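Take a look at the letters that make up each chain.
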Amino acid sequence: MSLNASTGNNLIIDPVTRIEGHLKVEVELENDHVKNAWVSTQLFRGIEVILKGRPPKDAPLFTQRACGVCTNTHALTSIRAVENALKIKAPPMAELIRHLILSALIVHDHLVHFYHLHGLDWIDMAAATKANPAKAGKLVAQTSNRSDDPAELYIIQKRLKDFIKTGQLGFLENAYFLGENKAYRFTPEENLILSAHYFEGLRIQLELGRAMALFAGKNPHAQSMVIGGVTCYDSLKPEVIDHFRHIWKKTMEFVENAMMPDIMMMTKSYPEALGYGKTSNFFAFSDFFNPETGKNPYFRSGVLWGNDLDKHDNMDMEHINEHVARSWYEGDKALKPYDGITEPSYTSYEDKDKYSWSKAPRYKGAPMETGPLARRAIAYARKEEETRSMLDSFFKQSGMKPEQLFSTMGRTVCRVVETTMLTRRMEGWINSTAERIKAGDDTIYQKWKMPDKAIKGVGTCCVTRGGLSHWVRIRGGKIENFQMVVPSTWNLGPRCAEGKLSPAEQSLMGCPCPDPERPVEILRTIHSFDPCIACSVHLVDNRGETVRKFKVM
């Protein structure tokens, strides 16, 4: 349950729940709308400091401990950074296996976010107890390829009723939104359908975790991905890829017949959420390259300026800087990530000048949103056929307009559309892997040697929440400097030295808040970014004393 405290015209929500990590949001209200906003991450990240002086091969083992969800992505990105420094490339079979692990993780995380983190901003599960399951079953049949059999809906409703009778509502309280709330508008039948999908989604995400472990060795915290390729030789068997394919088929059915109809229902029921939550600029990295050629990425990098679908540009990594002037770190200069410094300098919880443990990344001096919205908007602007076709179809059926992508609901729509696209694309990678396994391809690792000279590299990855990059300097075979610039740092960082608001802060400007005691609109907007503060920051002394020094043996 979030703590909601008002001070004059200021409203503080701390902590924001149903996210990864600890986030504080403070807004200044005027006429029931947000006039000013400060988004503050409340933990200190220390992994970059821990990595200094360690062998580069340790980077994937340490970086994936940044979070219990984004594990494989940090491992892969740090591997790519070192491979970039070494000028080596993993064998095609290894790249295919990495594609399977990464795509399964992104689909898993999008599903978890849509139903289990963001879903309760829209779904009133307690209201589902008033539904007519037979009527709800007919609605399921009208909106998907599933039958109108209401048996499962009756079971879910019975479980909800029994749970509510205990008097301990727990997550059914929807944070602190007890009783009738006009901000929740699904019919009882729609709430029952979405509640059933919430619980079905729990089973699907469990299966996707198993799918990742088939090739990653375990989940979370992959063991098989290493610099030079992967080491899952025991997984190169027909029965393993068949198991993966079986899980993929169940996931595909759920995405097509639950997630897509549900986001359509949500968009139609909450059209006002298409009118707030806007940010200005967007960027994305490339990923899922052709394993043979290293070209033709399925996700393409790019930049989109000013919510203008006609104003897109190519991405240039040289234009990325990180500001610390408004963060709890020493210094006030913007630095390239290669030269980044992570020296804590905490002031106070109430400070409005320095107010976050996140740094403030900028591209050409501008704050940039990254994530599914950025990736799909850039693809739509480029007229990429698959994205155009899916979004245009969605616009036609929902009544949504292209310019409304840049909103709280648009961010969520793009997440579900991307889930559908990526799940469909996985079939090709599964087939390619199966063919190579059948042909006896077991070349999944390239030997490498660390040079004596100083080298540097950057690895990028299109992850669940946006563009992730790891930057490494290596000297004498040891890590000299390491910096992680994560999506939630881009999206939820503080102001920069020039006072420019972060994307999350921008998105709250003008956001309605008719009921400060239950600021659901603010939470919907923040949750739409799928914050992962655990990736942004990691260690804290809750007594406000000097952050301790750790020696890792």
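Coordinates for the structure precede this section.
The structure presented is a predicted model; accordingly, all values stated were derived computationally and were not measured.

## Some remarks on the packing of aromatic side chains
Item 1. Tallied over the entire structure, the rule returns 20 aromatic pairs.
Item 2. With centroids separated by 4.8 Å and ring planes inclined at 80 degrees, the aromatic side chains of phenylalanine 114 and tyrosine 115 adopt a geometry described as edge-to-face.
Item 3. Site record: aromatic cluster; members linked through ring pairs are Phe288, Tyr298, Phe299 and Trp429.
Item 4. Geometry around phenylalanine 529 places arginine 411 over its ring, the cationic atom sitting 4.0 Å from the centre.
Item 5. Directly above the aromatic system of tyrosine 184 lies the positively charged group of arginine 524, at a separation of 5.5 Å from the ring centroid.

## With respect to the pattern of salt bridges
Item 1. What the rule picks out here adds up to 30 salt bridges.
Item 2. Here glutamate 95 ties to arginine 98 by a salt bridge, and the two come within 3.7 Å at their closest N and O atoms. One end of the pair, glutamate 95, and the other, arginine 98, are both in helix α4 (residues 92-117), 3 residues apart, so they sit about a helical turn from each other. Accessibility assignment for this pair places glutamate 95 and arginine 98 in one class, buried.

## Focus: unusual backbone geometry
Item 1. Residue proline 15 is reached from aspartate 14 by a cis peptide bond, and omega for that bond is 0 degrees.
Item 2. Among the secondary structure elements, proline 15 is positioned in the loop between β2 (10-13) and β3 (23-30).
Item 3. Omega for the bond connecting asparagine 219 with proline 220 falls within 30 degrees of zero, at 0 degrees, which places this linkage in the cis form.
Item 4. With respect to the element layout, proline 220 can be found in the loop between α7 (188-216) and β5 (225-226).
Item 5. The backbone of asparagine 296 shows a phi angle near 50 degrees, a positive value even though the residue is not glycine.
Item 6. Looking at the element boundaries, asparagine 296 is found in the loop between β7 (282-284) and β8 (302-304).
Item 7. Although it is not a glycine, aspartate 530 adopts a positive phi angle of roughly 55 degrees.
Item 8. As for its placement among the helices and strands, aspartate 530 is situated in the loop between α14 (520-527) and α15 (533-536).
Item 9. Overall, aspartate 530 belongs to the buried group, its relative accessible area being 1%.

## Observations regarding the nonpolar core
Item 1. Among the nonpolar cores identified, the biggest contains 161 residues, and Phe215, Phe244 and Ile522 are the most heavily contacted of them.
Item 2. In terms of residues, this core owes the most to one element, helix α8 (residues 238-269), which gives 15 residues.
Item 3. Discounting residues that sit within four places of it in the chain, phenylalanine 244 has contacts with Leu100, Ala104, Ala211, Leu214, Phe215, Met426 and Ile430.
Item 4. Grouped together as the second largest cluster of nonpolar side chains are 5 residues, Phe44, Val324, Trp328 and Tyr329 included.

## Comments concerning the pairing of strand β12 (residues 455-463)
Item 1. With 7 of 9 residues buried, β12 is to be regarded as a mostly interior element.
Item 2. When β12 meets strand β13 (residues 466-475), the two strands line up antiparallel, connected through 9 bridges. Residue pairing in the sheet places lysine 456 in a bridge with arginine 473 of β13.
Item 3. Counting the residues between successive antiparallel strands, the hairpin from β12 to β13 contains 2 residues.

Reading the values: rules and limits
Residues numbered from 1 in each chain as written. Predicted model: local features only at pLDDT ≥ 70, side-chain atom pairs only at ≥ 80, totals over all residues. Heavy atoms only, no water. Phe/Tyr/Trp six-rings, centres within 6.5 Å; stacked < 30°, edge-to-face > 60°. Lys NZ or Arg CZ within 6 Å of the ring centre and 35° of its normal. Salt bridge = Lys/Arg side-chain N within 4 Å of Asp/Glu carboxyl O. Helix = DSSP H or I, 4+ residues; strand = E, 2+ residues; numbered from the N terminus. Buried < 20%, exposed > 50% of the residue type's maximum accessible area, 1.4 Å probe, protein only. Core = buried A, V, L, I, M, F, W, Y, C linked by side-chain atoms within 4.5 Å. Contact = heavy atoms within 4.5 Å. Pairing = 2+ DSSP bridges.

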